[in-house]
Amino acid sequence: MSVDEIYARVFADLRPSLALPAISVRFYRFTSLTSNIRLQQGRLQVKISDLLSEAPEAVQEALAYILLSKLFRQRPPKAMVERYRLHLAEGDLGLRLHAARQERGSKRLEDPKGEYFDLEAVFEAMNARYFAGEIVKPRLGWSQKRSRTILGHYDASHHAIAISRLLDQRQTPKYFVEYVMYHEMLHIKHPVETTGGRRKVHTRPFRTEEKLFAEFREAQAYLKRGLR
Ligand SMILES: [Zn+2]
């Protein structure tokens, strides 16, 4: 089902007596999770952050209920709010990793040598273990902010990987820092694909290869438990 069809179905569910407008749903490169909806002259226009373009259909449906309820000035169904909230809370690491990928301008990176982890060493270890040393070394650095929403970021235009300084702590498992680095390195290996105007950041080969990380399940579990 296309996203347009999801909106048509939800529209009909919320306002069965209204004629269905022409619907256009577009994903935009917002740097946040902003979404807009408006109904003008029989056209329903929805703009959603492309950070959500890979979200499962159930999540698209939940967001459709939330946005259309907002448009009709009514309370969105609780179950839908909960579903959407859960997706953001536990959901795709990719979403959290890429929230800032559209940042423009030159990036100031801080010294890769942190208090507990040296990103140069982490990079070299991952490159040797998983990539036969074939990933061309990017600029590496800790982010200035201790972001808990953006754990890592690969900036293709500057060939730079930034890792959130939040992870440079004694209690962060080493495998988790390695996992975030590995994930970002996969972005170097598997560039973004564009099909039909939609950007696919985590392609199927990307997802398959990501699971080869030795502590993949532990890393996912750690992420879900929530970072301190
Ligand atoms: Zn990613």
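Anyway, here's the lowdown on the structure attached to this text. (Residues numbered from 1 in each chain as written. Predicted model: local features only at pLDDT ≥ 70, side-chain atom pairs only at ≥ 80, totals over all residues. Heavy atoms only, no water.)

Notes on the packing of aromatic side chains
The relation between two aromatic rings is expressed through the spacing of the ring centres and the mutual angle of the planes.
Phase 1: Enumeration according to the criterion identifies nine aromatic pairs in this entry.
Phase 2: Note on Phe 11 and Phe 72: the rings are 5.5 Å apart at their centroids and 65° apart in plane angle, and the pair reads as edge-to-face. Remark: Phe 72 occurs in the loop between helix H2 (57–71) and helix H3 (78–90) and Phe 11 occurs in helix H1 (residues 3–14); sequence separation between them is 61 residues.
Phase 3: Judged by its relative accessible area of 13%, Phe 72 is buried.
Phase 4: Each member of the aromatic cluster is reached from another via a ring pair, and the members are Tyr 130, Phe 131, Phe 176, Tyr 179, Tyr 182, Phe 213, Phe 216 and Tyr 222.
Phase 5: The side chain of Arg 15 reaches across the aromatic face of Phe 72, ending 4.3 Å from its centre. (Phe/Tyr/Trp six-rings, centres within 6.5 Å; stacked < 30°, edge-to-face > 60°. Helix = DSSP H or I, 4+ residues; strand = E, 2+ residues; numbered from the N terminus. Buried < 20%, exposed > 50% of the residue type's maximum accessible area, 1.4 Å probe, protein only. Lys NZ or Arg CZ within 6 Å of the ring centre and 35° of its normal.)

Digging into the packing of helix H6 (residues 174–189) against helix H8 (residues 216–225)
Phase 1: Contact geometry of H6 with H8 gives a least axis separation of 9 Å together with a crossing angle of 100°. Viewed along their axes, H6 and H8 adopt a mutual orientation that is roughly perpendicular. Contact residues: Tyr 175, Phe 176 and Tyr 179 in H6; Phe 216, Glu 218, Ala 219, Gln 220, Tyr 222 and Leu 223 in H8.
Phase 2: Here the residues of the contact of H6 with H8 sort into seven nonpolar, one polar and one charged. (Axes fitted to C-alpha atoms, helices over the stretch in contact; angles between N-to-C directions. Parallel < 35°, antiparallel > 145°, perpendicular 65-115°, else oblique. Contact = heavy atoms within 4.5 Å. Nonpolar A, V, L, I, M, F, W, Y, C, P; charged D, E, K, R; others polar.)

A closer look at the nonpolar core
Phase 1: Ranked by size, the top nonpolar core spans 30 residues in total, and within it Met 126, Ile 161, Ile 163, Phe 176, Met 181 and Met 185 carry the most contacts.
Phase 2: Counting residues per element, this core draws most heavily on H6, at nine residues.
Phase 3: Residues Ile 6, Val 59, Ala 64 and Leu 68 belong to the second largest nonpolar core, which totals 27 residues. (Core = buried A, V, L, I, M, F, W, Y, C linked by side-chain atoms within 4.5 Å.)

Brief notes about H2
Phase 1: Under the 1.5 Å per step criterion, the end-to-end length of H2 is 21 Å for 15 residues, consistent within 8% with the ideal 21 Å.
Phase 2: Among the 15 residues of H2, 11 are classified as buried, and the element is accordingly described as predominantly covered.
Phase 3: Three or more residues of H2 are buried, namely Val 59, Gln 60, Glu 61, Ala 62, Leu 63, Ala 64, Tyr 65, Ile 66, Leu 67, Leu 68 and Ser 69.
Phase 4: Residue Arg 73 follows H2 closely and has a positive phi angle near 50°. (Expected span 1.5 Å × (residues − 1).)

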